[in-house]
Amino acid sequence: MDHCQVLNNTVTSGKSTYGALCLGDGLVEDCLIAHNTCDAGFTPGVYFSAGGLLRNCTITQNDAGNLGAAGGLYWNNQDNARIVNCIVVGNAVVNGKRDWDSGNQTKSPANVFHNCVFDGAVTGLNDTNHLLDPSAGETVGFVDSDNGDYSLTSGSWCIDKGTEATELGGKTLAELLPVDIAGNDRVMGATVDIGAFEYDPSKMSCDFAANVREGFPGQQFTLSAIVGGGVGDRTY
């Protein structure tokens, strides 16, 4: 399964408990999984029932509500689950883990996630993965997530941060999948980007990064403007 959008699904009590997408020893790549919800089960996003590979996907703004276990991803006793070059941010849950959870507590996430980006409190990952630090100006940099545009701005931390070495069988990612979810070249910079959308450095873009994402009235914060594309990036 590739170049698909899995959006606006709802998992309800008494129906499927396995999310909008149930992956069993298959391959899903260059897909957007967003705005899915559940009021029962494991996750509204991606459930690994029997291993499988999730590569260069964007999993965001999925909501597990009060009864779900995880907002974005869940794997249950599956030693063969692999998640590579994926953006897993902005998911929600009340009583559970925001971005991912596992029913197998002996299965280390260090063996599951490779070159992925998170914005929640995650532990146990290997050093190929990254937790965004807003105080350092790091942002996932979606163009307009409020209106469904999850392509990357020039200020995105995810640009040129992917890997072509994991789970590719000796081939490059450009050989296996030459275009991203939008039909653009999969590699347009130094190497592949993380997520379903590849940033195009030839396009003009404007963005800003905040050093504080949540605060209280009267709290000071700094916005750093970023202008990029065409003639190179500039930060003011």
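Here the structure is a predicted model, which means the values were calculated and not measured. (Residues numbered from 1 in each chain as written. Predicted model: local features only at pLDDT ≥ 70, side-chain atom pairs only at ≥ 80, totals over all residues. Heavy atoms only, no water.)

A. Structural view of the overall build of the protein. Regarding its fold elements, the protein presents one helix and 21 strands. Residue pairs at least 24 apart in sequence account for 68% of intrachain contacts in the protein once pairs closer than 6 positions are excluded. Taken as a whole, the protein presents about 10900 Å² of accessible surface, with 48% of it coming from carbon and sulfur. (Helix = DSSP H or I, 4+ residues; strand = E, 2+ residues; numbered from the N terminus. Contact = heavy atoms within 4.5 Å. Areas by Shrake-Rupley, 256 points an atom, 1.4 Å probe, with all protein chains shown as cover.)

B. Highlighting the nonpolar core. Phe48, Leu54, Leu73, Ile83 and Phe113 are the most contacted members of the largest nonpolar core, which has 23 residues in total. Counting residues per element, the ones that place at least two in this core are strand 3 (21–23), strand 7 (46–48), strand 10 (73–75) and strand 11 (81–84). Of all hydrophobic cores here, the second largest spans 18 residues; its members include Leu32, Ala34, Val140 and Tyr199. (Core = buried A, V, L, I, M, F, W, Y, C linked by side-chain atoms within 4.5 Å. Buried < 20%, exposed > 50% of the residue type's maximum accessible area, 1.4 Å probe, protein only.)

C. Main features of the sheet that holds strand 16 (residues 130–131). The six strands are arranged 1-5-9-12-15-16 in an open sheet whose pairing can be described as parallel. Sheet topology places strand 1 (5–7) and strand 16 at the edges, where each strand pairs with a single neighbour. Where strand 1 meets strand 5 (residues 32–34), three bridges bridge the pair, whose relative direction is parallel. Paired with Val6 across the strands is Ile33, a residue of strand 5. (Pairing = 2+ DSSP bridges.)

D. Spatial organisation of the environment of Asn91. Relative to the helices and strands, Asn91 resides in the loop between strand 12 (87–89) and strand 13 (100–102). Taking C-alpha positions, Asn91 is 8.7 Å from Ala34, a pair spaced 57 residues apart along the chain. In this structure, Asn91 is in contact with Ile59, Thr60, Gln61, Asn62, Gly71, Gly72, Arg98 and Asp99, ignoring residues within four places of it in sequence. Side-chain polar atoms of Asn91 contact the backbone oxygen of Ile59, separated by 3.3 Å. (Polar contact = N/O pair within 3.5 Å; in protein donor to acceptor, adjacent residues only side chain to side chain.)

E. Representation of the pairing of strand 11. Sheet topology places strand 8 (residues 52–55) next to strand 11; four bridges connect them, and they run parallel. Bridged to Leu53 within strand 11 is Arg82. The pairing of strand 11 with strand 14 (residues 113–114) spans two bridges and is parallel. Following the sheet pairing, Ile83 is matched in strand 14 by Phe113.

F. Geometry of the pattern of salt bridges. Applying the stated criterion across every chain yields a total of three salt bridges. Arg55 is paired through a salt bridge with Glu29; the nearest N and O atoms lie 2.6 Å apart. With Arg55 in strand 8 and Glu29 in strand 4 (residues 27–29), the pair connects residues that are 26 residues apart, well separated along the chain. Residue class for Glu29 comes out buried when judged on its relative accessible area of 7%. In this structure, Arg186 engages Asp30 in a salt bridge whose closest nitrogen and oxygen atoms are separated by 2.4 Å. On the criterion of sequence distance, the pair formed by Arg186 in the loop between helix 1 (173–176) and strand 19 (205–210) and Asp30 in the loop between strand 4 and strand 5 is long-range, its members being 156 residues apart. (Salt bridge = Lys/Arg side-chain N within 4 Å of Asp/Glu carboxyl O.)

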